[in-house]
Amino acid sequence: MTAIALLLLAAAIAFGLSKLLRLPSIPLLMLAGAALGALAKYQAVTIPEELIRDMIEIGLAVLVFTAGVELSPRRIRGQRSAVTILAISQFITLGISGILTALFLGYDWTVALYLGCALSASSTLVVVRHLQDRRQMFEPYGRLVLGVLLLQDIFIVLIMIALLKSPEGLVTICKGLGSAIALGGLALAFHRWMVPYVVKQMKLDEEGLMLGALAILFAFSSLAYFLKIPFLVGAFVGGFAISAFPMNGLVRGMLGSLSGFFLALFFISAGIFLTKPDWSMVLHSLIFITVLIVITVLLVTIVSEYVGYSSRAGVEAGLLLSQTSEFSLLLALAGVSSGQISNDLFSMIALITVTTMATTPLLSRESVALRLMKLHPRFSKGESACATMKQHAVLLGYGRAGPRTLRALKKRGVDFIVVDEDAGIIRRLIAEGIPCVHGDGSNPLTLKRAHCQDARVVFCSMRRTSDAQTVLSYLKDAPTQVLVRVFETFEEDRVRSAGGQPVQTADAAVEQFLKWADANLKKAENSAQAIT
């Protein structure tokens, strides 16, 4: 009991420092665990090694169970082809890159395989939390990322079983994989038929639902143990079994505090389990982290554009997937238990995992995505029809209202130019023969390419009102009328004082723009008739 009390005290201190210093909690939990480990080494405190291993395994079981609850296949309907292509390409490319990097650094093949597999999957725990905080779980790119996580977790579970069974021969590997697939099939059947029946027929209170969820966790974990595969595989498929709506939402709310409790115990215990890193381990970890982030962002962006997503969605998805998984720690822990890898390698994989998890909130910021998008090669082919345009309309930001606006402009016979910094959107516009300029709509050089000073109207549909103010400053001496989409009431006064016309929503902006276009076209026609 004293040892458990020490773990909880260390966790409380780490969480308190996290709140006070506004830092991610995971690295502080690991540091608190490392401090306990140092005290235990000098016999200042006593923490049994068996307790540490049990806390790690129980914590991982709850974490992978919670991760499985979030990965309902219904969320990827209509995106299965894109999800499959992206998940397979990322998993294989990162795995091969990790193996080659490990071999280059002098590791043997067994260690290289573990390192490659550890790098190949992203953290469901981290990614889902960020999507929930940003309320992006049901956006197209959010559903794409969730689908990728689901397939990656399945891949790494199967590979983990193959690695652990490899010393026993090919027949044992096939038996292990067959057992895992059978358990997954049972979970899928439970997901499709049993959960909807239970939700429809039974009225359980919160305590009943909690007990039912934990019963499923223990049942599938026991089945995995009986089938001689890692019981944590059973925990994951057990979570997947109850990931159907609305069961997943009910269970998620009840598991929140429970998973947070075991999350703290897991990372504290993992910190105690770590060996002290030397400079070689730190250097190698930094190399693997660099390989992981660079390849993930580049590959996910390229593949996402290929399967039909915008550049922005691809960059954001790549940044969000740029970390290793809790399954990486599970894989490393299983490798240590089987004697295939050392405690030092577990420590390095843990260092890579914790570091990339902790840096995800920093990497996945909107400002980082916007900076990376500026590095995307610029497409200038759509500008060929822009050089001779005058008295045209300019759309700064295509957005969801762009197609409707363009249809209305075509119907009224108004020439137009679309300006957008998203390369995926520009490529589609070029393919459709629509005049467009690839660039930042707040950049004076981009505005010059679109001949904004010669335009009748400029419609600003960019994310930041400050960008629209830059446009208004650029056009202050031009007769061009500027319509600006705003998101808050207080922004309207700023836009009016700068000479623009604010509109609060995209749809309202379209309606107001069309009214303006109709009125001005009639004036233009009357003037032309008078001259004639």
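Going by the structure above, here's the rest.
The structure displayed is predicted, hence computed values, not measured ones.

(A) Just the packing of helix 7 (residues 140–165) against helix 14 (residues 326–337), in detail. At a minimum axis separation of 11 Å, helix 7 and helix 14 run at an interaxial angle of 5°. Here helix 7 lies roughly parallel to helix 14, going by the angle between them. On helix 14, the residues touching Asp153, Ile156, Val157, Met160, Leu163 and Leu164 of helix 7 are Phe327, Leu330, Leu331, Ala334 and Gly335. For the contact of helix 7 with helix 14, a count of residues per class yields 9 nonpolar, 1 polar and 1 charged.

(B) Spatial organisation of the pattern of salt bridges. Within the structure shown, the criterion is met by 1 salt bridge. A salt bridge links Arg427 to Glu305; the nearest nitrogen and oxygen atoms lie 2.7 Å apart. Of the two residues, Arg427 is situated in helix 18 (residues 423–431) and Glu305 in helix 12 (residues 279–306); the sequence distance between them amounts to 122 residues. The exposure class of Glu305 is buried, given its relative accessible area of 11%.

(C) Fine view of a nonpolar patch on the surface. On the surface, a cluster of nonpolar side chains totalling about 500 Å² of accessible area is made up of Leu9, Ile13, Leu17, Leu20 and Leu21. Locating Leu17 in the fold gives a position in helix 1 (residues 2–21).

(D) Representation of the pairing of strand 2 (residues 416–420). Most of strand 2 is tucked away, with 5 of its 5 residues classed as buried. Residue alternation in strand 2 divides its side chains into two sets, Phe416, Val418 and Asp420 and Ile417 and Val419, and both sets are buried. Direction of pairing for strand 1 (residues 393–396) relative to strand 2: parallel, over a ladder of 4 bridges. Residue pairing for strand 2: Ala393 is matched across the bridge by Phe416. Considered for its hand, the β-α-β crossover made up of strand 1, helix 17 (residues 402–412) and strand 2 is right-handed. Pairing between strand 2 and strand 3 (residues 436–438): 3 bridges, direction parallel. Residue pairing in the sheet places Asp420 in a bridge with His438 of strand 3.

(E) Spatial organisation of the packing of aromatic side chains. Scanning the model with the defined rule gives 2 aromatic pairs in all. Aromatic pair Phe190 and Phe220: ring centres 6.3 Å apart, planes at 85°, arrangement edge-to-face. With a gap of 30 residues between them, Phe190 in helix 8 (residues 170–201) and Phe220 in helix 9 (residues 206–226) connect regions that are remote in the sequence. Residue class for Phe190 comes out partly exposed when judged on its relative accessible area of 24%. The class of Phe220 is buried, set by a relative accessible area of 5%.

(F) Local environment of the layout of surface pockets. Taken as a whole, the second largest pocket encloses approximately 720 Å³ of empty space. Ala34, Gly271, Leu274, Thr275 and Lys276 are, among the 27 residues lining the second largest pocket, the residues nearest its centre. Listed by contribution, the elements that provide at least two residues to the lining of the second largest pocket are helix 2 (25–41), helix 3 (49–69), helix 11 (247–273) and helix 15 (343–363). Broken down by element, the residue count for the lining of the second largest pocket peaks at 8 residues, all from helix 2.

(G) Quick look at unusual backbone geometry. Phi at Lys228 takes a positive value of approximately 60°, unusual for a residue other than glycine. In this fold, Lys228 is placed in the loop between helix 9 and helix 10 (231–241). At Gln391, a residue that is not glycine, the phi angle is positive and equals roughly 55°. Of note, Gln391 is situated in the loop between helix 16 (366–373) and strand 1.

(H) Highlighting the side chain of Asp420. Note on placement: Asp420 falls in strand 2. Here the side chain of Asp420 touches Tyr398 through a polar contact of 2.8 Å, landing on its backbone nitrogen. Ignoring anything within four residues of it in the chain, the contact list for Asp420 reads Gly397, Tyr398, Gly399, Ile425, Ile426, Val437, His438 and Gly439.

So, how was this worked out
Residues numbered from 1 in each chain as written. Predicted model: local features only at pLDDT ≥ 70, side-chain atom pairs only at ≥ 80, totals over all residues. Heavy atoms only, no water. Axes fitted to C-alpha atoms, helices over the stretch in contact; angles between N-to-C directions. Helix = DSSP H or I, 4+ residues; strand = E, 2+ residues; numbered from the N terminus. Parallel < 35°, antiparallel > 145°, perpendicular 65-115°, else oblique. Contact = heavy atoms within 4.5 Å. Nonpolar A, V, L, I, M, F, W, Y, C, P; charged D, E, K, R; others polar. Salt bridge = Lys/Arg side-chain N within 4 Å of Asp/Glu carboxyl O. Buried < 20%, exposed > 50% of the residue type's maximum accessible area, 1.4 Å probe, protein only. Patch = residues over 30% accessible without salt bridge, like charges linked within 9 Å, V, L, I, M, F, W, Y side chains within 5 Å. Areas by Shrake-Rupley, 256 points an atom, 1.4 Å probe, with all protein chains shown as cover. Pairing = 2+ DSSP bridges. Right-handed = clockwise from strand over helix to strand, strands pointing away. Phe/Tyr/Trp six-rings, centres within 6.5 Å; stacked < 30°, edge-to-face > 60°. 1 Å grid on protein atoms, 1.4 Å probe; cavity = no way out; pocket = protein on both sides within 12 Å on 5 of 7 lines; lining within 4 Å. Points joined across faces, edges and corners; volume = space filled by probe spheres on them. Polar contact = N/O pair within 3.5 Å; in protein donor to acceptor, adjacent residues only side chain to side chain.

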